[in-house]
Every structure is written in structure tokens, then in C-alpha cells.
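A look at the structure
Spelled out, the chains give:
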Amino acid sequence: MAETYTVPFFINGEEVRTSKTFDVTSPATQKVVHKCSSATDTEVQAAVNAAASAFKTWRKSHPNQRRDLFHKAAEILEKRKEELGQYVMDETGAPRQWADFNIQTAKDLLMDVAGRCNTLEGSFPVVNDPESGALVLQEPFGVILAVAPWNAPYILGIRSILYPIAAGNTAIFKATELCPRTMWGLCSVFHEAGLPKGVLNMLVHEPANAPAITSSLISNPQVKKVNFTGSTAVGRVIGRLAGENLKPVLLELGGKASAIVWEDAELDNAATQCALGAFLNSGQICMSTERILVHKSVRAEFEKKLVSAVENIFGPPTPAPVLINSVAVDKNKKLLADALSKGAKLLYGNPDAQEETTTRMRPVIVRGITTDMDIYKTESFGPTVAVYEIETEEEALRIANDTEYGLTSAVFTEDLRRGLRMAKEIETGAVHINSMTVHDEATLPHGGAKESGYGRFNTTKGLAEWVRSKTVTFKY
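Residues numbered from 1 in each chain as written. Predicted model: local features only at pLDDT ≥ 70, side-chain atom pairs only at ≥ 80, totals over all residues. Heavy atoms only, no water.

**Some words on the overall build of the chain**
From N to C terminus, the chain includes 15 helices and 20 strands. Its C-alpha atoms put the chain at 75 × 70 × 40 Å along the principal axes. Considering the chain as a whole, with its 476 residues, one finds that 56% of them fall into the buried category. Here the contacts in the chain between residues at least 6 apart in sequence split such that 76% fall between residues at least 24 apart. Across the chain, the centroid of the 51 positively charged side chains sits 4 Å from that of the 56 negatively charged ones. (Helix = DSSP H or I, 4+ residues; strand = E, 2+ residues; numbered from the N terminus. Buried < 20%, exposed > 50% of the residue type's maximum accessible area, 1.4 Å probe, protein only. Contact = heavy atoms within 4.5 Å. Lys, Arg positive; Asp, Glu negative; His and termini not counted. Charge placed at Lys NZ, Arg CZ, Asp CG, Glu CD.)

**Some words on the layout of surface pockets**
In this structure, the largest pocket encloses a volume near 1,100 Å³. What lines the largest pocket is a set of 43 residues, and nearest its centre among them are Trp150, Phe228, Gly230, Ser231 and Val234. Those elements that place two or more of their residues in the lining of the largest pocket are helix 7 (210–219), strand 10 (223–229), helix 8 (232–244) and helix 11 (326–341). Here the lining of the largest pocket gets seven residues from one element, more than from any other, and that element is helix 8. Approximately 840 Å³ is the volume found for the second largest pocket. The wall of the second largest pocket is formed by 40 residues, among which Pro95, Trp98, Leu280, Asn281 and Ser282 lie closest to the centre. Mapped by element, the contributors of at least two residues to the lining of the second largest pocket are helix 3 (81–92), helix 4 (96–116), helix 5 (153–166), helix 9 (267–279) and helix 10 (299–314). Per-class residue counts for the lining of the second largest pocket are 24 nonpolar, 11 polar and five charged. (1 Å grid on protein atoms, 1.4 Å probe; cavity = no way out; pocket = protein on both sides within 12 Å on 5 of 7 lines; lining within 4 Å. Points joined across faces, edges and corners; volume = space filled by probe spheres on them. Nonpolar A, V, L, I, M, F, W, Y, C, P; charged D, E, K, R; others polar.)

**A short note on empty space enclosed by the protein**
One pass over the structure, following the stated rule, counts one cavity of 30 Å³ or more. By volume, the largest cavity amounts to about 60 Å³. What lines the largest cavity is a set of 13 residues, among which Lys256, Ser258, Ala400, Thr408 and Thr428 lie closest to the centre. Residues that form the lining of the largest cavity fall into these classes: five nonpolar, six polar and two charged.

The following block contains the structure:
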């Protein structure tokens, strides 16, 4: 019998395996696909030391060197697309299309950031004393901690490390235990491209060690800034730890995105976009559509088109979507059971259906949601969406903004003035007019409002997150 593969870490450019491991199970088959090394304080300190040492030279590396390295990494990512895509499929149960989309977007991010490496610049302000001068420099922080989740691992993983490294920082990448080989694959691309030892270090740990390992990393004096993408609940913990240690932090957290469909909307497009926005990747995207607010005069017609779109895209013979674990399925079924028991109506799907595995669940659409139902406030993060009837802009805004989250939203209308007017009033980091709530690309800043986090990934804003100013004055 062949020996089970064990996913290693990267510390100071070398693969490191530990005697302590844990199993990684595929949600699609519910079978163990491989094992993964599990970090202890020893590996944590080694990774921090390696990153701190590498920073001394990496911070002085020329932007052109970083640019060329990222171009090479993009080529390697493309060359290894089949291999890297298989890791995502094995570990998260995602279909090939989602894996390919992740890899292509990661490649786009690499190419975009490569072109921005030379754009960080300081200034030479005029000061009061005519015999004096001043420089305002932009300098990297040092060692940063990056934490990324499993649901779009190449996109969320690469952005967590790419922007800091491009700005001259070194990184410790705390990869998720749910898809460690995927994250290893991402880091291996950078090392194959020639990234110097210690610039990017990767650790993974078993879930039970999360509090201790995370606290140890954030409290370490050599770690200067943190970025975290994940749930709002864990984001609060990260934010508290960062605050206690006076570390700046970038957070991109949960969502409860609304799509608003007006009476003048092109309903076929709106229905397709809402179906995709709600159920891509089994609804396991922070930007997923969770509320669809439809004008009363077109609600019935829209619902028919929405059901048809979902059936055409996600219905049989397409296999039932895979969620990351059975807990996620149970959460969605409990939200639906609570809503239906309190008077909600089933528009599409069967919450009680038994699929091939306990990790699978087909899309479900409900309507008639009221504020006393758990699904009104709770992020489902699964294949569940609710339709609401509206009549006025004030009503639409009240429902869309009646959530602790504020990541993204959508408005469907042929009246651009109305779309822009709504966009100004919706409390989210992004509003997409006539397209789905799920939208993230290299040329647009990405981040949330309210409890969806703060700070921005992508574009020059994302790069600027990873430098701080230093004022230097001098006498002529």
C-alpha cells in the first residue's frame, strides 16, 4: 500500500514536515485524500525568524526584480494549471470550472501587481523654513501575517501575500487546514519562480491549535501587520488580538448581499445574474446573493424566470453542489426549517432532500421572510436565497441596509440615474448595476463596510495598505 502523502510547510525556502499530522478529507467523497503537517510553537518561531531575516534584504530589492519574479510566477501558474486545479477539487469539492476561475484570477492579480511594483512613491513637500527641506518616504512594514480561507483559495490566498511582498514586506502565510495542499501549491509557484528564501513562509495547524498559534503569531514583536479574510466571528477575534498588540490589520469578512430588481429591469438578465450570484460555488462566497428584493409589479414574473435560470444552470443532470462539510449543509437546512415553520414559502428546491453525501445540497429559494426568522439576519454561506417584495426605494434601502454586513450588493434597472442613486445609499463596499453581487477583479479595490471589515485589497490601494510613511527633514 502506497504511503499517504503529507503536505509540508515552507520555512526559509525549504519544505518542512512534522511528525504530528492531521487528515485532510475531501467533502465530495468524504474520504481522506492526504495528511498535513501540523505546526507547533517551534515552527512558528522558525517562520518568524526566517521572515525577519529575509526582510533585511528583500526590502531593498528593486521593484523591477519583483516585477520580473511575478511575471515568471504567472507563467508557472499557467503551466501547472491542471495540477493546481486538481488540488482545489480534491480538497474543497469544487468543480473544475471554479478551480480554473481561481487560477486565472490569481494569474490576473500577478500580472496586475507586476505592473504596479514601480508605482509606490514618496513626496518632496515644501516646508515652512526656506532653508530646510523634507522627504516623505513610503516604507514596508516588515514581517506580515496573512490568513486566507478555503472557498476561493488561489484568489484569496494570493492576494493576502502578493500585495505585501510586492511592497517589500516578507510574509508568514497561515494556510487553512481545509485545503493545505492547494495553499502549498500556491507558495510553491513563488518559490519555483525564484522568490528568495524566507520572503514567503507557510504554516498550517490542526483546528484545535488555532487559538494558540494565531495568538502567538499576532503577539510576536517581529510581526508588524495582519490581514485576514474569513468569517466576521473569527475576524472579531483577529481584530481584538491585533488591537491588544497595537498591530494594524486588514479585514475582509462576511456578507449578506442584496440584489434589488426594479420594475424596469431586464428580467432575464436579472434572473440569470441572481441565480449565479446566489449559487456559484454552492453559495460559499462572501459576496454571494442572499437577499433578492423585487418590485411588486414584476415579482411573479421574475420568480418564474429565476426558478427557470436556477433549474437550467444548477438543476439535474448537474450533480448536487458540494459544500465544505456537513455542518454547512445542516446550517442551511436549519435556517430554512426555522423560516418555513414561521410562515415562509418554498419557491424552489427541497430542503429535506437526501443527496449522495451529507455534504451536498441543491439550491433552495424561499420567499415571505420576516424579521423574526433567523435567515433574515444570518449569513447562510450556502445554496439558499430569499426573495422579498418591495415597492419603494425607501423600502428597498431599509431592507438592504438592515444587516450588520456591508460587503457588496447589486441593482438591476434600465435607469442608470436610479442605479447610481441607489448605489450612493447602499452601505456596502461595492454596488454592481445590472450584474451579480459576486464581482472581484484586479483593477477594482475590494473590501467592505460595517462588520464586513475594513481596508482594501487590489489595485494601488491594495498595495498602499502595505507601506507606511516616514518623514525625513534636513537643512540645506
